[in-house]
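Tertiary structure, described
Residues per chain, in single letters:
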Amino acid sequence: MAGISKRLSFIFTIASAIAYASCGGLQQASTPLPGGAVSQRASKPPPRDARSGQPELYVSCFYLCRPSQGIVYIYPLAGPNQPKIGSISKGVDVPSGLSVDSHNSLYVANSGNGTVTVYPNGSKRPSMTYSKGVHVPLFPLADSAGHVFVSGRSVFRFGPQSRGYVFEYNAGANVPIAHARIGLEADGIAEDGQGNLYVAYRYNMHNGGSIAEFGPALSNKRLLGIKLLHAPAGLLVDSAGNIVVAESGYFSIDVFPPGAKTPTVRVSVPTDKPGQLAMQNDATTLWVSAEKSDYGAYVYYMPYPLTSSTIPAQYESFYGDAQGIAVSPH
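Note that the coordinates shown come from a computational prediction; the quantities given were computed from them, not determined experimentally.

Tallied over the entire structure, the rule returns one disulfide. With its sulfur 1.6 Å from that of its partner, C61 forms a disulfide with C65. The exposure class of C61 is buried, given its relative accessible area of 0%.

This part takes up the sheet that holds strand 7 (residues 106-110). With respect to topology, four strands assemble into an open sheet ordered 6-7-8-9, the strand pairing being antiparallel. The sheet is open, and its two borders are formed by strand 6 (95-100) and strand 9 (128-130), each paired with just one other strand. Direction aside, neighbouring strands of the sheet carry axes that sit 20° apart on average. As paired strands, strand 6 and strand 7 are joined by four bridges and run antiparallel to one another. By the bridge assignment, L98 is partnered in strand 7 with V108.

The four strands are arranged 5-4-3-26 in an open sheet whose pairing can be described as antiparallel. This sheet does not close on itself; its edge strands, each paired only once, are strand 5 (86-88) and strand 26 (325-327). Across this sheet, the average inter-strand angle for adjacent strands is 20°, counted without regard to direction.

Our next topic: the side chain of S99. Within the secondary structure layout, S99 lies in strand 6. Taking the relative accessible area as the measure of exposure, S99 reaches 6% and is therefore buried. If sequence neighbours within four positions are ignored, S99 has contacts with S105, L106, Y107, P140, L141, A142 and A326.

Turning our eyes to something else, we now look at the nonpolar core. Of all hydrophobic cores here, the largest spans 18 residues; its most connected members are V244, I253, L277, L286, M302 and L306. Among the secondary structure elements, those contributing two or more residues to this core are strand 19 (243-247), strand 20 (252-256), strand 21 (265-268), strand 22 (273-279), strand 23 (285-291) and strand 24 (296-303). Not counting residues up to four positions away in its chain, the partners in contact with L286 are L236, V244, I253, L277, A278, M279, Y300, Y301, M302, Y304 and L306.

Turning next to the pattern of salt bridges. Under the criterion given, the structure shown has five salt bridges. As a salt-bridge pair, R222 and E213 come within 2.4 Å of each other at their nearest N and O atoms. Under the relative-accessibility criterion, R222 is labelled partly exposed at 48%. Between R266 and D254 there is a salt bridge, with its nearest N and O atoms 2.8 Å apart. On the criterion of sequence distance, the pair formed by R266 in strand 21 and D254 in strand 20 is long-range, its members being 12 residues apart. Three or more residues joined by partner-sharing salt bridges are found here, namely R153, E185, D187 and R202.

Criteria and cut-off values
Residues numbered from 1 in each chain as written. Predicted model: local features only at pLDDT ≥ 70, side-chain atom pairs only at ≥ 80, totals over all residues. Heavy atoms only, no water. Disulfide = S-S within 2.5 Å. Buried < 20%, exposed > 50% of the residue type's maximum accessible area, 1.4 Å probe, protein only. Pairing = 2+ DSSP bridges. Helix = DSSP H or I, 4+ residues; strand = E, 2+ residues; numbered from the N terminus. Axes fitted to C-alpha atoms, helices over the stretch in contact; angles between N-to-C directions. Contact = heavy atoms within 4.5 Å. Core = buried A, V, L, I, M, F, W, Y, C linked by side-chain atoms within 4.5 Å. Salt bridge = Lys/Arg side-chain N within 4 Å of Asp/Glu carboxyl O.

Rendered as structure tokens:
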């Protein structure tokens, strides 16, 4: 009888544990969004690439890439000419600019379907999608204050109906809290240390461009009077307030000190079309995506600050186009 009693007690214990788990006693971990919001409660851990927690380099590609609607390639940030360690294609549709926030979440501007998708660190599936706002998003930016900015344009690229826009969201909410119209197309965006937003934009059909500055909530627009040569793309602002912009139609990276209307440094990029710029928080190395007319996609890197003698060196290359680029902040 004692043996039977022990077996019944054991069976009861197992049954109780199963019942406890099925009633929610065992909770799954949630996936955080930038700013600390919770995006979803996962039934299983998100699929992960074969990565070891090291800093990463992200490059977007949509032309001659697989799948054909676009992909984001992932490389280890451990030196040039490293093999890819992963890729993201779920939710990606003609990807343009990229951004990584302080939580290492990746933002992808999908100009093909009018969305910005967010991928928590290590995940191949988006946890959040921003879709109410810019028709053709080009560059995303998530700041440390819990805001997300998206630049882009209307569906009409040229002509009287062309419009450039910037939209602002609270992180995790697909409802714009502010927006501003600027030029025919709004391109690279960046914040300075005081929380002011800088936007590179194109103001005519010949891709002539300039830069505007906005205060909080996209207020107090101020045109800086900078005349960019041709087709501005990626934009950064360093800790000293220098504006660094890629001129995709002039094959160069230009540096404008605070208040300057002409560049004090111009670095030539050895391809037809430089795109987006990226730097880590220590600001000692600058990366730029670029492409050639023969469908060669490249990533170049160079020491920062830039000087007139800076020569970009090749970091990665592949067949296709290199649109956006981003790096882990640390």
